[in-house]
Amino acid sequence: MAVKSVTCVAPVNIAVIKYWGKTDEKLIIPLNDSLSGTLHTDHMCAKTTVAISSKFSKDRMWLNGTEESLDNPRLLACISEVKDRARSAGKLTEEELQWNVHICSENNFPTAAGLASSAAGYACLVYALAMLYKIDGDVSVIARRGSGSACRSIYGGFVQWIAGTNPNGTDSIAQQIVPASHWPEMRVLILVVSDSRKKTSSTSGMQRSCENSELLKHRVAKCVPERMSEITKAILKKDFETFAKITMQDSNQFHAVCLDTYPPCVYMNDVSHGIANLIHTINKFAGRTVAAYTYDAGPNACLYLLEKDVPGVLAAVNHVFHTDTKKEEYYRGLSVDLVDVP
Ligand code: PMV
């Protein structure tokens, strides 16, 4: 039987300037620009196979081995946008475009634990579909329709997501600032505080913050534009000190917005705060900035640091938290190491 299939792998990205809040829920247009590093690792990836065939009787999807309903507006938006672009590109016949699609996706890290699993998942799905349907051009705009932050996982290295000004979202796209090779000493340590699902999804947390956080308005109008410009300069100059300070300030402000939301969204726990304190203590005693923490919508810490400082920081984390280091191997680029913090 005629089957066309493509398999792709996409890694997670960890934001240093956080996206929080939308101007359009359906099109997923963000309130503010954001910036992240895409991890260069085999450990935190989504792997997706997409296939089309004249023999498939209906569209189907499996996520981590379990069949899931395709009745999800975001997923359907991604599939239909890819098919629309494929129709204009004209590389598949109309008959092939009518064939049903099967999607099989796996994450090798906790789903929905604030570890950007949906970002990797949708980036991977959209990239795989784009290859299968042979469409050209930027596809970050399509990945954005699945999960906003997914648009940044389409590119490697440091990536910005420009909020855009067009109400139909066509200019709300991700762009690479520098490839991972620009700053080969950069490393990311992920300290897994908890791998259970987060209590408040980022979608509902954002909605609530938009409804009633005054701090969010100040953040969007005043803080993010300045930080985007300063952190971009720091990345281009490989100025770790400035990069780290802005990263920690932005994470702290994002969680302050979450607490300023009513009822509050509480993502960090005591262990998360303990890790942040430890990083400030390390930086103070070293007399320089050794590492920066950042937290997404969950309690897990992501530490950005330079390769030379990985052993020292890991030793301090192990000493204070008695951790279980899963992997002691480092990769070039934005590599990652997973550490369980009990
Ligand atoms: O793309 P979403 O809906 O999973 O939202 C992600 C929001 C944060 O992870 C908290 C910040 C970010 O920019 O990734």
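What you are looking at is a predicted structure, and each value in this text was computed from that prediction instead of being measured.

Participant: I tried to follow the domain arrangement of the chain on my own but got confused; where do I start?
Facilitator: Interface size is often expressed as the accessible area that is lost when the parts come together. When its domains are assigned, the chain resolves into domain 1 (3-179) and domain 2 (186-340). Here domain 1 and domain 2 have C-alpha centroids that lie 24 Å from each other.

Participant: Honestly, the packing of helix α6 (residues 214-237) against helix α7 (residues 240-260) in this entry has me stumped. Any pointers?
Facilitator: A pair of packed helices is characterised by two quantities: the angle between their axes and the separation of those axes. Relative to each other, α6 and α7 sit at 165°, their axes nearing to 10 Å. By the criterion of interaxial angle, the relationship of α6 to α7 is roughly antiparallel. Of the two elements, α6 crosses α7, and the hand of that crossing is left-handed. Where α6 abuts α7, its residues Glu214, Leu215, Leu216, Arg219, Cys223, Arg227, Glu230, Ile231, Ala234 and Ile235 lie against Thr242, Phe243, Ile246, Asp250, Gln253, Ala256, Val257 and Asp260. Split by residue class, the contact of α6 with α7 holds 10 nonpolar, two polar and six charged.

Participant: What am I meant to see in the nonpolar core here?
Facilitator: Soluble globular proteins tend to bury their nonpolar side chains together. In terms of nonpolar packing, the biggest core is built from 97 residues, with Ala123, Val126, Tyr127, Leu129 and Leu303 touching the most fellow members. When residues in this core are grouped by element, the largest group, 12 residues, is from helix α3 (residues 117-132). For this core, the two domains that each supply at least three residues are domain 1 (3-179) and domain 2 (186-340). If sequence neighbours within four positions are ignored, valine 126 has contacts with Cys78, Val82, Val139, Ile142, Ala143 and Gly146.

Participant: For this particular structure, what's the right way to read the site of the ligand?
Facilitator: Among the 13 residues in the neighbourhood of the ligand, the closest are listed as Ala15, Tyr19, Ser149, Ser202 and Asp296. At the level of elements, α3 and α5 (202-212) are the ones that each hand at least two residues to the shell around the ligand. A domain-level breakdown of the shell around the ligand finds at least three residues from each of domain 1 (3-179) and domain 2 (186-340).

Participant: Hey, could you run me through the environment of alanine 292 in this one?
Facilitator: Structurally, alanine 292 is set in strand β13 (residues 291-294). Overall, the presence of 23 C-beta atoms within 10 Å leaves alanine 292 in the buried class. Separated by 12 residues in the primary sequence, alanine 292 and tyrosine 304 place their C-alpha atoms 5.2 Å from one another. Not counting residues up to four positions away in its chain, the partners in contact with alanine 292 are Ala244, Thr247, Met248, Leu303 and Tyr304.

Participant: Mind showing me how you'd approach helix α1 (residues 73-89) here?
Facilitator: One turn of an α-helix holds 3.6 residues; hence residues three or four places apart share an orientation. Between its first and last C-alpha atoms α1 spans 24 Å; for 17 residues at 1.5 Å apiece the expected length is 24 Å, and the two agree. Listing the buried residues of α1 in full gives Leu75, Cys78, Ile79, Glu81 and Val82. What you see down the axis of α1 is that its buried residues fit within an arc of 160°, all on one side. Every exposed residue of α1 that faces more than 90 degrees away from the buried side is listed here: Pro73, Ser80 and Ser88.

Participant: Looking at this structure, how should I read the sheet that holds strand β5 (residues 34-38)?
Facilitator: Where strands meet in a sheet, backbone hydrogen bonds hold them as pairs that are either parallel or antiparallel. Ordered by their spatial adjacency, four strands build an open sheet running β2-β5-β10-β11, and the pairing between neighbours is antiparallel. Bordering the open sheet on either side are β2 (13-17) and β11 (174-178), each of which pairs with just one other strand. Sheet twist, expressed as the average angle between the axes of neighbouring strands with direction ignored, equals 35°. In the sheet, β5 pairs with strand β10 (residues 157-161) via five bridges, with the strands oriented antiparallel. The residue of β10 that forms the bridge with serine 36 is valine 159.

Here is what the cut-offs are and how they apply
Residues numbered from 1 in each chain as written. Predicted model: local features only at pLDDT ≥ 70, side-chain atom pairs only at ≥ 80, totals over all residues. Domains from an automatic or database assignment. Axes fitted to C-alpha atoms, helices over the stretch in contact; angles between N-to-C directions. Helix = DSSP H or I, 4+ residues; strand = E, 2+ residues; numbered from the N terminus. Parallel < 35°, antiparallel > 145°, perpendicular 65-115°, else oblique. Left-handed = near helix turned anticlockwise from the far one by under 90°. Contact = placed C-beta atoms within 7 Å. Nonpolar A, V, L, I, M, F, W, Y, C, P; charged D, E, K, R; others polar. Core = buried A, V, L, I, M, F, W, Y, C linked by C-beta atoms within 7 Å. Buried ≥ 20, exposed ≤ 12 C-beta atoms within 10 Å, placed from the backbone. Near = placed C-beta within 6 Å. Expected span 1.5 Å × (residues − 1). Arc of directions from axis to C-beta. Pairing = 2+ DSSP bridges.

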